[in-house]
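Coordinates in review
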Amino acid sequence: MSQQQGDATPAGSTPAGAAAGAARIAELRTTIDEIDQRIVGLLAERTRVVRELTVHKTDEPTVRSPDRVRQVLGRVHDLAVGHDMPPEVAVATYRALIDELTRMQLHMLADRSAAAAPKGQ
Ligand SMILES: O=C(O)C(=O)C[C@]1(C(=O)O)C=C[C@H](O)C=C1
């Protein structure tokens, strides 16, 4: 091995190190749970806005709006870069989110058409 080991003990290589590592993991998972609570709250708020917007859409091309999807993904990419996070993580997350919201909108549209159709059709 060309690199010298030095004094630093890798976390987990001793019982005390392993216990400290496990405690830190638990602490960081609590932080992740708190962040998830905020993220889901914001996603719920965003979904409410998308539902309201869907009321004004009347056809599938408007639901899919590929130009708008590209715009949102491009913006999210740039925001991620600005926040020093891997942009592919943010873009893939939003791609999945928009896919699901598009599915939700298509269901809303179909339900509305079914409700508007004359009975027995
Ligand atoms: O902007 C819209 O038209 C939306 O329906 C919102 C949204 C999004 O989640 O950002 C969802 C689906 C696509 O149509 C485009 C964007």
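Residues numbered from 1 in each chain as written. Predicted model: local features only at pLDDT ≥ 70, side-chain atom pairs only at ≥ 80, totals over all residues.

A few words now on the overall build of the protein chain. Of the regular secondary structure elements, the protein chain holds 4 helices and 0 strands. For the protein chain, the N- to C-terminal ordering of α and β elements is α-α-α-α. (Helix = DSSP H or I, 4+ residues; strand = E, 2+ residues; numbered from the N terminus.)

On to the packing of helix α3 (residues 66-82) against helix α4 (residues 87-116), then. When two helices pack together, their arrangement is given by the angle between the helix axes and by the axis-to-axis distance. It is the contact of α3 with α4, at a shortest axis distance of 8 Å, that shows an interaxial angle of 150 degrees. Classified by the angle their axes make, α3 and α4 are roughly antiparallel. The chirality of how α3 crosses α4 is right-handed. In this structure, α3 uses V69, V72, L73, V76, H77, A80 and V81 to contact α4, whose residues at the interface are P87, A90, V91, Y94, R95 and I98. Partitioning the contact of α3 with α4 into residue classes produces 11 nonpolar, 1 polar and 1 charged. (Axes fitted to C-alpha atoms, helices over the stretch in contact; angles between N-to-C directions. Parallel < 35°, antiparallel > 145°, perpendicular 65-115°, else oblique. Left-handed = near helix turned anticlockwise from the far one by under 90°. Contact = placed C-beta atoms within 7 Å. Nonpolar A, V, L, I, M, F, W, Y, C, P; charged D, E, K, R; others polar.)

Contacts to the ligand come from V50, L53, V63, R64, S65, R68, V69, V72, I98, L101, T102 and Q105. For the shell around the ligand, the element with the highest residue contribution is α4, accounting for 4 residues. Partitioning the shell around the ligand into residue classes produces 7 nonpolar, 3 polar and 2 charged. (Near = placed C-beta within 6 Å.)

With that settled, the discussion passes to the UniProt feature "domain: Chorismate mutase" (unreviewed entry) in the protein chain. Under the local residue numbering, the UniProt record ascribes the feature "domain: Chorismate mutase" (unreviewed entry) to residues 19-109. Helix makes up 89% of residues 19-109 and strand 0%, and the two end C-alpha atoms of the span are 54 Å apart. (UniProt positions renumbered as here; feature names shortened; annotations may be inferred.)

Located in the positive-phi region is S65, a residue other than glycine, with phi close to 25 degrees. For S65, a count of 15 C-beta atoms within 10 Å translates into the label partly exposed. For D84, which is not glycine, the phi torsion reads 60 degrees and is therefore positive. Tracing the backbone shows D84 in the loop between α3 and α4. On the basis of neighbour count, D84 is assigned to the exposed category, with 6 C-beta atoms found within 10 Å. (Buried ≥ 20, exposed ≤ 12 C-beta atoms within 10 Å, placed from the backbone.)

We now examine α3. Helix length check: α3 (17 residues) gives 24 Å between terminal C-alpha atoms against 24 Å at 1.5 Å per residue, within 8%. Where α3 terminates, the next one or two residues include D84, which has phi positive at roughly 60 degrees. (Expected span 1.5 Å × (residues − 1).)

Turning to its location among the elements, R112 is positioned in helix α4. Separated by 54 residues in the primary sequence, R112 and T58 place their C-alpha atoms 9.3 Å from one another.

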